[in-house]
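So the chains spell out like this:
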Amino acid sequence: MTNVLSDRVAREKIRHELDKNFLVEAGAGSGKTTSMVGRMLELIREGKTSFSHIAAITFTKKAAAELSQRFQTALEKAYKEEADEVKKERFKKALGELENSHIGTIHSFCGRLLRERPVEAGVDPSFTELEEVDERVLKEKAWEEFIAHTQINEPQELIELAKAGISPQDAKNIFVALPHLPIWSAA
């Protein structure tokens, strides 16, 4: 008995419809990394682009590291097994470009873009990305400053929150728990 995946058609599109861009969104363990690696290999194999023009973006450092490692392993295997000399040369070139890859988190990708064009982006060229713990401290500080400002300058806002059954602590918990956004700090 053959095990056929219900999303087989979507997986085939990801891997073989090379003239379209895709956003791959699925749950943990669903095969996103395998699909992305397969697509990147096909893009290179078919000469649709060079590896230096591929951006593979994930949301966690762990996922980015896994994607990078699995792609490198698959690329090395494809290079060894490819019989067509033109395609083999494409894989060889991609192997040489691995160090400059755009496989990473959304934070690292945005940071890289800002570092490439700091003047145009209006950022200090020596900025650094905040780590999660630093971001939480910054959020806590921002919240305390916001509450102090509101208590002095806009106390009615806090009264309106209370009427809605929301305490300042409840609002703070929501604010601090919000998913982190790319935040950078000047060094």
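Trainee: What am I meant to see in helix H3 (residues 61-81) here?
Mentor: Because an α-helix packs 3.6 residues into every turn, residues spaced three or four apart end up facing the same way. For H3, which comprises 21 residues, the first-to-last C-alpha distance of 30 Å matches the rise-based estimate of 30 Å (1.5 Å per residue) to within 8%. Along H3, the positions that sit buried rather than exposed are Ala64, Leu67, Phe71, Leu75 and Ala78. End-on, the buried residues of H3 take up no more than an arc of 65 degrees, which puts them together on one face. For H3, the exposed residues lying more than 90 degrees away from the buried face are Lys62, Lys80 and Glu81. Taken together, the buried residues of H3 touch helix H2 (32-45), strand E1 (55-58), helix H4 (85-97) and strand E2 (102-105).

Trainee: Can you walk me through the layout of surface pockets in this structure?
Mentor: To find leftover empty space, a probe the size of one water molecule is rolled over the atoms. Looking at the largest pocket, its volume works out to about 950 Å³. Lining the largest pocket we find 36 residues, and of these Val24, Met36, Ile57, Thr58 and Leu67 sit closest to its centre. The set of elements that each furnish at least two residues to the lining of the largest pocket consists of H2, E1 and H3. Per element, the largest residue contribution to the lining of the largest pocket is seven residues, and it comes from H2. Taken together, the residues that form the lining of the largest pocket break down as 18 nonpolar, eleven polar and seven charged.

Trainee: Got a minute to help me understand the confidence of the model for the chain in this structure?
Mentor: In low-pLDDT regions, the fine details of the predicted coordinates are not to be read closely. Of all residues in the chain, 93% have pLDDT values of 70 or greater, and the mean over the chain is 85. Averaged pLDDT values for the elements of the chain fall to 45 in strand E4 (residues 184-185) and rise to 94 in H4. Here residues 182-187 is modelled with pLDDT under 50, and outside its nearest four sequence neighbours on either side it reaches 20 contacts, counting other chains as well.

Trainee: Help me out: how do you make sense of the pattern of salt bridges in this one?
Mentor: Here the idea is simple: oppositely charged side chains can pair when their charged atoms come close. Taken as a whole and judged by the stated rule, the model has 13 salt bridges. Its salt-bridge partner being Asp19, residue Lys48 comes within 3.2 Å of it at the nearest N-O pair. Linking Lys48 in the loop between H2 and E1 with Asp19 in the loop between helix H1 (8-16) and H2, this pair joins segments that are 29 residues apart in sequence. Assessed through its relative accessible area of 43%, Lys48 is described here as partly exposed. Here Asp19 falls in the exposed class, since its relative accessible area comes to 67%. Each member of the salt-bridge network shares a partner with another, and the members are Arg15, Glu42, Arg45 and Glu82.

Trainee: Whenever I open this one, the packing of helix H7 (residues 132-153) against helix H8 (residues 155-163) confuses me. Can you help?
Mentor: At a minimum axis distance of 5 Å, the contact between H7 and H8 shows a crossing angle of 105 degrees. Taken together, the axes of H7 and H8 lie roughly perpendicular to each other. Together, Ile147, Thr150, Gln151, Ile152 and Asn153 of H7 and Pro155, Glu157 and Leu158 of H8 make up the contact between the two elements.

Trainee: I'm lost on the packing of H2 against H3 in this one. Help?
Mentor: Helix-helix packing is characterised by the crossing angle of the two axes and by the distance between the axes. Running from amino to carboxyl end, H2 crosses H3 at an angle of 45 degrees, the nearest separation of the two axes being 10 Å. Looking at the two axes, H2 sits oblique to H3. Seen along the crossing, H2 lies across H3 with a hand that is right-handed. Residue-level inspection shows Thr33, Thr34, Met36, Val37, Met40, Leu41, Ile44 and Arg45 of H2 in contact with H3, the latter providing Leu67, Arg70, Phe71, Ala74, Leu75 and Ala78.

Rules and cut-offs
- Residues numbered from 1 in each chain as written.
- Predicted model: local features only at pLDDT ≥ 70, side-chain atom pairs only at ≥ 80, totals over all residues.
- Heavy atoms only, no water.
- Helix = DSSP H or I, 4+ residues; strand = E, 2+ residues; numbered from the N terminus.
- Expected span 1.5 Å × (residues − 1).
- Buried < 20%, exposed > 50% of the residue type's maximum accessible area, 1.4 Å probe, protein only.
- Arc of directions from axis to C-beta.
- Contact = heavy atoms within 4.5 Å.
- 1 Å grid on protein atoms, 1.4 Å probe; cavity = no way out; pocket = protein on both sides within 12 Å on 5 of 7 lines; lining within 4 Å.
- Points joined across faces, edges and corners; volume = space filled by probe spheres on them.
- Nonpolar A, V, L, I, M, F, W, Y, C, P; charged D, E, K, R; others polar.
- pLDDT = per-residue confidence, 0-100.
- Salt bridge = Lys/Arg side-chain N within 4 Å of Asp/Glu carboxyl O.
- Axes fitted to C-alpha atoms, helices over the stretch in contact; angles between N-to-C directions.
- Parallel < 35°, antiparallel > 145°, perpendicular 65-115°, else oblique.
- Left-handed = near helix turned anticlockwise from the far one by under 90°.

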